[in-house]
Amino acid sequence: MDPELLNDDRIARALDAIAPHLEKITGSVGAQAITEFGVDTAQIHWDLTSMSLFGAYEDQEEGSPRSSTATPRTGGWT
């Protein structure tokens, strides 16, 4: 493939196209890795703690989860 064809628009369209299938893709890649590398699944840790929040949160109720920019991958929740 000609590298000039890999521009921002093409990459954005590709990401938009796979977005509705992301869970299936993630699961199938994980399953393929287990099969390919013989991963022992008797004990496996898959970090599912990340979550994304979208929108305005000016009136959050006391005790409800708070949105922040921190994630487990950036050093934890704040």
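You'll find the structure just up there.
Nothing here was measured: the structure is a model prediction, and the numbers come from that model. (Residues numbered from 1 in each chain as written. Predicted model: local features only at pLDDT ≥ 70, side-chain atom pairs only at ≥ 80, totals over all residues. Heavy atoms only, no water.)

Asker: Looking at this structure, how should I read the overall build of the chain?
Answerer: Within the chain, the regular secondary structure consists of 2 helices and 0 strands. Residues classed as buried in the chain amount to 3% of the 78 residues present. Carbon and sulfur atoms form 56% of the exposed surface of the chain, whose accessible area is close to 7,300 Å². (Helix = DSSP H or I, 4+ residues; strand = E, 2+ residues; numbered from the N terminus. Buried < 20%, exposed > 50% of the residue type's maximum accessible area, 1.4 Å probe, protein only. Areas by Shrake-Rupley, 256 points an atom, 1.4 Å probe, with all protein chains shown as cover.)

Asker: Looking at this structure, how should I read a nonpolar patch on the surface?
Answerer: A contiguous nonpolar patch, built from Met1, Leu5, Leu6, Ile11, Leu15, Ile18, Leu22, Ile25 and Val29 and spanning about 850 Å² of accessible area, is present on the exposed surface. Broken down by secondary-structure element, the contributors of at least two residues to the nonpolar patch are helix H1 (8-18) and helix H2 (22-37). Note that Met1 resides in the segment before H1. Residue classification places Met1 among the exposed positions, given a relative accessible area of 74%. (Patch = residues over 30% accessible without salt bridge, like charges linked within 9 Å, V, L, I, M, F, W, Y side chains within 5 Å. Salt bridge = Lys/Arg side-chain N within 4 Å of Asp/Glu carboxyl O.)

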